[in-house]
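Each chain, written out:
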Amino acid sequence: MAAPILRSFSWGRWSGTLNLSVFLPLGLRKAHSGAQGLLAAQKARGLFKDFFPETGTKIELPELFDRGTASFPQTIYCGFDPTADSLHVGHLLALLGLFHLQRAGHNVIALVGGATARLGDPSGRTKEREALETERVRVNARALRLGLEALAANHQQLFTDGRSWGSFTVLDNSAWYQKQHLVDFLAAVGGHFRMGTLLSRQSVQLRLKSPEGMSLAEFFYQVLQAYDFYYLFQHYGCRVQLGGSDQLGNIMSGYEFINKLTGEDVFGITVPLITSTTGAKLGKSAGNAVWLNRDKTSPFELYQFFVRQPDDSVERYLKLFTFLPLPEIDHIMQLHVKEPERRGPQKRLAAEVTKLVHGREGLDSAKRCTQALYHSSIDALEVMSDEELKELFKEAPFSEFFLDPGTNVLDTCRKANAIPDGPRGYRMITEGGVSINHQQVTNPESVLIVGQHILKNGLSLLKIGKRNFYIIKWLQL
């Protein structure tokens, strides 16, 4: 197999009319006005944290994104390694960054690391990731592609603003690495990297000083990420990489590699990392991930995660996680000062994020579940699907029974194994420890009534004590 071709920049497959002025020395073109620019706006929201390289980006990078002086749209990418079969809230800021750039008319690429996930990114980690089997990575990569496409579709359908947007493309880096032979790749690429530079990266230094050390596979990760940037530069005209603030070392490697080979400048933009209240990075490795896949975290759970955000975080999160204009966020916060008990900013934040991740139906589901659980809404219970019930009451046993004539409260509780046999179970009902569909029942002999104990959707929600739920679905009513 031939080694990777290393040559000057070529346009490859990326559609569009070539505008050579974009690739003239950027300093020769009109300086960017600054305050109202795209990058300045996202910096003001707190979404864009740092820019790389530091020298030159005050003029060159903003000018690159200014559609008034660079009529040809730019291309930006961000990578997502499929170490799990779902994205999580920790990935959302990078996606929001891509979406904001897309909304400004630029083309964005979400790159699934179907190849790099097998090595494992050492950035921000104290020990090596557990190795993933090839088939597991393939399954995870497919799930991530579907998740990214679903998010992009929700964004396109539900958050339009009347402007002409750029494209959103999902790629997988296994498409180019599976064609490479190791020795050919090392011979063509390896000579362009200096060991001293690679060893100096903070992520590498931290791991080398750790008790476990660092494997060669992990060490080589930054080389592959640099090559990803180069490949996208060659084939898609990509000049900017977006990533979490822990990705700066990998972005630097890509910049140095491309600049050495082509003489062209490329750039990096970082977004802040979202942490828990204890300061831990949110994610799978830390064991505190809030997933974006409905099978792992329901719309209700995602909604509640943001509803529970404290007052000292919610304004920042509205700026980071939503597309709401800053004046509207200011207005929301002013209303909150007057009526803090309504938790208006938290509810708006939760609604905006849930709609982006799960669509309008997912947001409606989250609200129904909230009403059913926290506001004892019978109306909400009556329209909930079986899927929503199982999501809302994850730990609750789910049973399906045929309704026999004369079935009473005591029969129902015993069928569901919700109370012990004998006098003790009987007393639990008479003493007020049982409710059906949020209504306390104290007569064990009461016959079940459709419309009261059994809702229109055939549901009975049985609660024993304060926290023990049982879901009963009655068949052939």
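Residues numbered from 1 in each chain as written. Predicted model: local features only at pLDDT ≥ 70, side-chain atom pairs only at ≥ 80, totals over all residues. Heavy atoms only, no water.

Q: Mind showing me how you'd approach the side chain of H438 here?
A: Locating H438 in the fold gives a position in the loop between β8 (434-436) and β9 (439-440). At a separation of 2.7 Å, a polar atom in the side chain of H438 contacts the main-chain carbonyl oxygen of A372. (Helix = DSSP H or I, 4+ residues; strand = E, 2+ residues; numbered from the N terminus. Polar contact = N/O pair within 3.5 Å; in protein donor to acceptor, adjacent residues only side chain to side chain.)

Q: I tried to follow the sheet that holds strand β1 (residues 50-52) on my own but got confused; where do I start?
A: In a beta sheet, neighbouring strands are held together by backbone hydrogen bonds and run either parallel or antiparallel to one another. Sheet architecture is open: 6 strands sit in the order β1-β6-β5-β2-β3-β4, paired in mixed fashion. With partners counted over all chains shown, the strands left at the sheet margins are β1 and β4 (168-172), one partner each. Strand-to-strand, the axes of this sheet are offset by a mean angle of 25°, without reference to chain direction. The pairing of strand β3 (residues 107-112) with β4 spans 5 bridges and is parallel. By the bridge assignment, A110 is partnered in β4 with V170. Together, β2 (75-80), β3, β4, β5 (238-244) and β6 (267-271) form the strand contacts of helix α10 (residues 221-236), whose direction differs from that of β5 by roughly 145°. (Pairing = 2+ DSSP bridges. Axes fitted to C-alpha atoms, helices over the stretch in contact; angles between N-to-C directions. Contact = heavy atoms within 4.5 Å.)

Q: Looking at this structure, how should I read the sheet that holds strand β11 (residues 468-475)?
A: If you trace the 5 strands from one edge of the open sheet to the other, you get β7-β11-β10-β8-β9, paired in mixed fashion. Only two strands of the sheet have a single partner each, and these edge strands are β7 (398-402) and β9. Direction of pairing for β7 relative to β11: parallel, over a ladder of 5 bridges. The residue bridging F398 from the neighbouring strand is I471, located in β11.

Q: Please clarify how the pattern of salt bridges should be interpreted in this entry.
A: Close approach of charged atoms allows side chains with opposite charge to pair. Enumeration according to the criterion identifies 19 salt bridges in this entry. Across the pair D172 and R145 runs a salt bridge whose closest N-O atoms are separated by 3.1 Å. Taken as a pair, D172 in strand β4 and R145 in helix α4 (residues 134-158) lie far apart in primary sequence, 27 residues in all. Judged by its relative accessible area of 28%, R145 falls in the partly exposed class. Its salt-bridge partner being R342, residue E339 comes within 3.9 Å of it at the nearest N-O pair. Of the residues examined, R342 reaches a relative accessible area of 52% and is grouped as exposed. In the salt-bridge network here, residues are joined through shared partners; they are R294, E361, R368, E387, E388 and E391. (Salt bridge = Lys/Arg side-chain N within 4 Å of Asp/Glu carboxyl O. Buried < 20%, exposed > 50% of the residue type's maximum accessible area, 1.4 Å probe, protein only.)

Q: In this structure, what is going on with the nonpolar core? I would like to understand it.
A: Inside soluble globular proteins, nonpolar side chains tend to come together where they are buried. The biggest cluster of nonpolar side chains holds 64 residues, and the ones touching the most others in it are F65, F80, F306 and F321. Ranked by residue count, the leading element in this core is helix α3 (residues 89-103), at 9 residues. Both domain 1 (38-273) and domain 2 (288-390) contribute no fewer than three residues apiece to this core. Residue contacts for F321: discarding those within four places in its chain leaves V89, L92, L93, L96, I274, F306, L349 and V353. Membership of the second largest hydrophobic core comes to 32 residues, among which are Y77, I109, A115 and Y255. (Core = buried A, V, L, I, M, F, W, Y, C linked by side-chain atoms within 4.5 Å. Domains from an automatic or database assignment.)

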